[in-house]
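# Tertiary structure, described
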Amino acid sequence: MLEVQIKINGIPVIVPEGTSILKVARMANIKIPTLCWLKEINEIASCRMCVVEVKGEEELVTSCVTEVREGMEILTHSSQVVESRKSTLRLIMANHEQKCLTCVRNNSCELQKLCHEHGIDDASGCQGREKRYEVDDSAVHMVRDNNKCIMCRRCVAVCREVEGVGVIGVHGKGNDSYIGSPFDMGLGETTCVSCGQCINVCPTGALYEKQEYNAVFSYISDPSKYVVVQTAPAVRAGLGEYFGLPVGTGVEGKMVTALKMLGFDKIFDTNTGADFTIVEEAKELVKRLEEGEKLPLFTSCCPAWIKYCEHYNPEIIDHLSTCKSPHEMLGALIKTYYAENIGIPAKDIVVVSVMPCTAKKFEIKREDENAAGFPDVDIVITTRELGRMIGSAGICFGDLPEGEFDTLFNKSSGAGKIFGASGGVMEAALRTAYEMITQKEAPSLEFQEIRGTKGIKTAEYRVGDQQLKVAVVSGLKNAANILESIKNREAEYHFVEIMACPGGCVNGGGQTRQASDMINFGQIAERRAKILYDMDSKDTLRKSHENPVVTKLYEEFLDEQKAHEYLHTSYVSRGL
């Protein structure tokens, strides 16, 4: 690759030719502010916050789309640049609802932060048009408030370019433009899959998940209710960031202590549910391999993927695993086996799931998720919502001691722990399926080929007499591509894992939000996933079918009929 020599803020640097000024600045440890730019997803130069001064140019240039050239001299924070950015911020604020104190993004809003950094502390002079938008709360999982939208188009880009769904776009022209759904439908009327990735990239409070943590507080305060909480593996990899800890900090013990201080009656680990999911899914895979029918088998842990399939690919519904997702399985076992053992009716037990995922809010309202005649899970709150609960209760999270999950559902294998990473479900299933098929231990419990955040990963493994072909996919646009290759017989697989969120649940739509600089350059999914893989590698129990809680329940409670009735579900064609 050819290289060029340039100067940035007077410092000579040698960089690859064709690199944008924005990326070069980051390489030189200089941060240029942005509001619309998302690396490789939304490089459209619409917000103009990233302007810089280039010697010899009459006007400021947008650094996100301007490539460096030999001898270029760049100033990233000259007086002219700073004044331009201030003017841009005032124009944005003129059309922005300025109710910061009551906004869900207060103190974590990128626009608010840039205003503080540029001295735009008094927005009273930033008054523009008075046009008002109705708040769209038609979706089960989220709210859209265009009064706080700054037209950065990040949400549009991630919905189209990452998820391949494209249920939102720009309507109107000029000052009358706004983000909306086709024919101005409510988001809940569209084929939105509830993944929440648009929420993660929104720089303001225009998009946010439906807040249900106050209902959780109400249940905890109700003496007639026995309130059980369970936490997904990815939550412990993202919660610490809400309290200012670095990305890549695991906080399982502190999280459990905080949950106990909030007043839950029991704190259980969704990882235990993941082990049940693996045992059932591995059985399903082995049966299909033996019969040679309905292959490939697709995983079913991701509700956004399931909804996508029901809308866009209903012809492959028979290829979906019928296994409930881990938190639904655990909820079913809490309201059946556990309820019987503690002598409390299922109707009086409230199961709260803390998830990295907004699609789980949709999932719990699906049919066939009610093993005891009541919903397996009553409320889903996100990692962010748990953070708000902890903060509102005055708990000093960083100073908490390490706590432990409650019995019975406190034991999980390393396989259950890695569910939150792309490839983790597949790897966990292979550890168990290999032994089911061969009656031998796998040569290695680590399947490195399917780890990592690459959108599509494929591998082949020798399992007994069979060469097992597998694929791991994250991001639904990648899912569409691999489905097309399967339908066209360009590729053949026996087992396919699909997660809607890029990098897996660790990057879920309900995780602690990060600013665009961290999204673009911080390798968030990799750092969070490492927490889970490290936990797995240190665990002495690494296979789901060897979890003593799992073996105990299969011996005492889960005969074939109950396992199918309580732990499996069904799907429907939803149409477009």
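Everything in this summary refers to the structure shown in the same document. (Residues numbered from 1 in each chain as written. Predicted model: local features only at pLDDT ≥ 70, side-chain atom pairs only at ≥ 80, totals over all residues. Heavy atoms only, no water.)

### Focus: the overall build of the protein chain
Summing up its helical and strand segments, the protein chain has 20 helices and 17 strands in all. Along the first, second and third principal axes, the C-alpha atoms of the protein chain reach 75 × 55 × 50 Å. Here the protein chain holds 576 residues, and the buried ones make up 60% of them. Summarising the internal contacts of the protein chain: among those between residues at least 6 apart in sequence, 74% fall at separations of at least 24. Entry remark: accessible area of the protein chain is about 23700 Å², with carbon and sulfur atoms responsible for 48%. Across the protein chain, the centroid of the 65 positively charged side chains sits 3 Å from that of the 80 negatively charged ones. (Helix = DSSP H or I, 4+ residues; strand = E, 2+ residues; numbered from the N terminus. Buried < 20%, exposed > 50% of the residue type's maximum accessible area, 1.4 Å probe, protein only. Contact = heavy atoms within 4.5 Å. Areas by Shrake-Rupley, 256 points an atom, 1.4 Å probe, with all protein chains shown as cover. Lys, Arg positive; Asp, Glu negative; His and termini not counted. Charge placed at Lys NZ, Arg CZ, Asp CG, Glu CD.)

### Re the pattern of salt bridges
Scanning all chains against the criterion turns up 41 salt bridges. Across the pair Asp 536 and Arg 431 runs a salt bridge, and its minimum N-O distance is 2.8 Å. Linking Asp 536 in helix α18 (residues 524-538) with Arg 431 in helix α15 (residues 424-438), this pair joins segments that are 105 residues apart in sequence. Each member of the pair Asp 536 and Arg 431 is classed as buried. The salt bridge involving Glu 441 is made with Lys 543; its shortest N-O contact spans 3.8 Å. Taken together, the positions of Glu 441 in the loop between α15 and β15 (456-463) and Lys 543 in the loop between α18 and α19 (548-556) put the pair 102 residues apart, joining distant regions of the chain. Classification of Lys 543 by relative accessible area gives buried; the value is 6%. Within the structure, one salt-bridge network assembled from shared partners comprises Glu 427, Arg 431, Glu 446, Arg 451, Asp 536 and Arg 542. (Salt bridge = Lys/Arg side-chain N within 4 Å of Asp/Glu carboxyl O.)

### Brief notes about the sheet that holds strand β5 (residues 73-75)
Two pairing modes exist for strands in a sheet, parallel and antiparallel, and in both the strands are linked by backbone hydrogen bonds. Read from one edge to the other, the open sheet built from five strands follows the order β2-β1-β5-β3-β4, with strand pairing classed as mixed. On the outer flanks of this sheet lie β2 (11-16) and β4 (61-62), each paired with one strand and no other. Two elements, strand β1 (residues 3-8) and β2, share six bridges in a ladder whose sense is antiparallel. Residue Val 4 lies in a different strand from β2, and its bridge partner there is Val 15. (Pairing = 2+ DSSP bridges.)

### Side note on the nonpolar core
Among the nonpolar cores identified, the biggest contains 107 residues, and Phe 264, Trp 305, Leu 386, Phe 409 and Leu 558 are the most heavily contacted of them. Considering every element that reaches this core, the biggest residue donor is helix α11 (residues 326-342), with eight residues. Those residues in contact with Phe 264 that lie beyond four places of it in its chain are Val 216, Ile 220, Val 227, Val 228, Val 229, Leu 259, Val 352 and Met 389. One finds Ile 278, Leu 297, Ile 450 and Tyr 461 within the second-largest nonpolar core, a separate group that totals 27 residues. (Core = buried A, V, L, I, M, F, W, Y, C linked by side-chain atoms within 4.5 Å.)

### Focus: the environment of Val 286
Relative to the helices and strands, Val 286 resides in helix α9 (residues 270-291). Residues in contact with Val 286, not counting those within four places in the same chain, are Ala 433, Met 436 and Ile 437.

### Here's the deal with the sheet that holds strand β14 (residues 379-382)
Strand order in the open sheet made by the four strands is β11-β10-β13-β14, with parallel pairing throughout. Edge positions in the sheet fall to β11 (266-269) and β14, since each has one partner strand and no second. Along the sheet, successive strands turn relative to each other by an average axial angle of 25°, direction set aside. Taken together, the four bridges between strand β13 (residues 349-355) and β14 define a ladder with parallel strand orientation. When the bridges of β14 are listed, Ser 353 appears paired with Val 380. This element, helix α13 (residues 383-392), spans β13 and β14 of the sheet and lies at about 85° to β14. (Axes fitted to C-alpha atoms, helices over the stretch in contact; angles between N-to-C directions.)

### Some words on the packing of helix α8 (residues 252-262) against α13
Between two packed helices, the angle of one axis relative to the other and the distance separating the axes together describe the packing. Contact pair α8 / α13: the axes reach a minimum separation of 10 Å and the direction vectors enclose 60°. Comparing the axis directions of α8 and α13 gives the class oblique. Viewed along their axes, α8 and α13 form a crossing whose handedness is left-handed. For the pair α8 and α13, the contacting residues are Met 255, Ala 258, Leu 259 and Leu 262 in the first and Leu 386, Met 389 and Ile 390 in the second. Class assignment for the residues of the contact of α8 with α13 results in seven nonpolar, no polar and no charged. (Parallel < 35°, antiparallel > 145°, perpendicular 65-115°, else oblique. Left-handed = near helix turned anticlockwise from the far one by under 90°. Nonpolar A, V, L, I, M, F, W, Y, C, P; charged D, E, K, R; others polar.)

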